[in-house]
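Observations on the model geometry
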Amino acid sequence: MLARVADGLGCPRELLGLAGVPAYLDDQDHSAGTEVEAVKRRQFLASAAAVVVGDPVLGVPAVSAEPVLRATTPSHVGAADVHRLRAATAAFRGLDYRLGGAACRAAAAAHAREAERLLDTSMADGVRRDLHSALADLHSVVGWTSFDSDLVDHARHHFLRALEHAKLADDPALCAFVLCRTGHIYLAGGDPHEALKLFQLAELPAAEAGRGAIEFVTSCYQARAYADMGRARRAEELVTRSEDVFAQYADDSVPHWLAYFRAGGVGSVRGNAYFALSALQPAYAPKALEAMRVAVNGHKAELERGNLMDLSTLATLHLRLGNRDHGLRLAANVIDRAESVASQRLRQGLTPLARAAAGCGGADGRDLARRIGEVARVGSPPWRR
């Protein structure tokens, strides 16, 4: 067998330890169809042989460079093209939820650039509207994965493109959702006042869309903004409003881009709002703990990043309230799993947990705080280490 391989490759048998094996004759003609293709085949064969054998037995390997693809545009776009675009977006969204934004951001952004070119093609008016809607959803995913990767300028760019496409698609609910997603950038950056401006702006398209699941989202985000400001009464009013809306529309079908909020439910909304309030008003910590328990009990495996963020909050609350052993066990679980999720936002969100672990006393608490710091540094950009 090896002798036949050597003869077929034109490789001296001595190099493969087959000097005494009789020659194998092959009377078939394997010549290439064209001279250029023949050269390419010989170059590849020489390179492949050098990799497998470890020596350039068939000549000097050629330098491999990826060919440049010339972009092409289809002559017509139909419903099937839009369906494929939505399916690709759903795949990117699923990767983001499970593995973090950095796991798919570059691929999603490249897909968005290519998909934009479809707009230059002829299509029916209804298909064009659906295409704008699909592009809005894709840019929203790219914006969110950029934000999750701490690429704020990229996130803003794609959220604005998503907003433009959603407007052209005449989809006010999606417009409101994109504005809320953009406001989340400032909320995570510690500027709830700036975030609230976008959340309140989102009320305009949300009102145009009518009551429904999008009202739940706008109420959630505003509740968190007011909680970060320390305005407990207003935050509680909005949490209650979000719960009322959720109860009213819990059985309705919702757009796929709202599925995460449906899965998280009201426990996560109330828990995160109370957790933010507890930083200024410790009396809210037990309320936050109970709400986060509800959220964690409703976790879904495909939403790993969100699960870990909720679990991190729950562990922090346990440690702050003196439930030391249980809090440390939950925290260790978070750290073990967080290493597999490429999310800068998740790692930045571990800071309260690290402080709580360090402050609970004991060598195990200090060791866990050190591990959290190591995980956070691994996920941070070089200039932040």
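Below, the structure is looked at part by part. (Residues numbered from 1 in each chain as written. Predicted model: local features only at pLDDT ≥ 70, side-chain atom pairs only at ≥ 80, totals over all residues. Heavy atoms only, no water.)

1. As for the pattern of salt bridges
A complete count under the given rule lists 21 salt bridges for this structure. Note that Arg-305 and Asp-96 form a salt bridge whose closest N and O atoms lie 2.6 Å from each other. Of this pair, Arg-305 sits in helix α14 (residues 304-320) while Asp-96 sits in helix α3 (residues 79-99), and the two are 209 residues apart along the sequence. Bridged by salt links that share partners, the residues Asp-96, Asp-148, Arg-305 and Arg-345 form one connected network. (Salt bridge = Lys/Arg side-chain N within 4 Å of Asp/Glu carboxyl O. Helix = DSSP H or I, 4+ residues; strand = E, 2+ residues; numbered from the N terminus.)

2. Regarding the packing of α3 against helix α4 (residues 105-116)
As a packed pair, α3 and α4 sit with axes 10 Å apart at the nearest point and diverge in direction by 165°. Considering their axes alone, α3 and α4 lie roughly antiparallel with respect to each other. Between α3 and α4 the crossing geometry is left-handed. Mapping the contact onto sequence places Leu-85, Ala-88 and Phe-92 in α3 and Ala-107, Ala-108, His-111 and Ala-115 in α4. When the residues that make up the contact of α3 with α4 are grouped by side-chain class, the tally is six nonpolar, one polar and no charged. (Axes fitted to C-alpha atoms, helices over the stretch in contact; angles between N-to-C directions. Parallel < 35°, antiparallel > 145°, perpendicular 65-115°, else oblique. Left-handed = near helix turned anticlockwise from the far one by under 90°. Contact = heavy atoms within 4.5 Å. Nonpolar A, V, L, I, M, F, W, Y, C, P; charged D, E, K, R; others polar.)

3. Examining α4
With 12 residues, α4 ought to run about 16 Å at 1.5 Å a step, and its terminal C-alpha atoms sit 17 Å apart, in line with that. Of the positions making up α4, those classed as buried are Arg-105, Ala-108, Ala-109, Ala-112, Ala-115 and Glu-116. Along the axis of α4, the buried residues cluster in a sector spanning 125°; they form a single face. α4 presents Ala-106 and Arg-113 as exposed residues on the side facing more than 90 degrees away from its buried surface. Packed against the buried residues of α4 are α3, α5 (125-148) and α6 (152-168). (Expected span 1.5 Å × (residues − 1). Buried < 20%, exposed > 50% of the residue type's maximum accessible area, 1.4 Å probe, protein only. Arc of directions from axis to C-beta.)

4. A word on the nonpolar core
Ranked by internal contacts, the top residues of the largest apolar core, which has 72 residues, are Phe-199, Ile-214 and Leu-353. With 10 residues, helix α7 (residues 172-188) is the single largest residue contributor to this core. Setting aside residues no more than four positions away along its own chain, Ile-214 makes contact with Ala-173, Ala-176, Phe-177, Ala-206, Ala-209, Trp-257 and Leu-258. Val-77, Val-82, Leu-85 and Phe-92 belong to the second-largest nonpolar core, a separate cluster that totals 20 residues. (Core = buried A, V, L, I, M, F, W, Y, C linked by side-chain atoms within 4.5 Å.)

5. Focus: helix α2 (residues 35-53)
Taking 1.5 Å per residue, 19 residues should reach 27 Å; α2 reaches 27 Å between its end C-alpha atoms and fits that length. For α2, the full list of buried residues reads Ala-38, Ala-46, Ser-47, Ala-49 and Ala-50. Taken end-on, α2 shows its buried residues confined to a sector of 165°, consistent with a single buried face. For α2, exposure combined with an orientation more than 90 degrees from the buried face picks out Val-36, Lys-40, Phe-44, Val-51 and Val-52. Gly-54 sits one or two positions beyond α2 and adopts a positive phi of about 95°.

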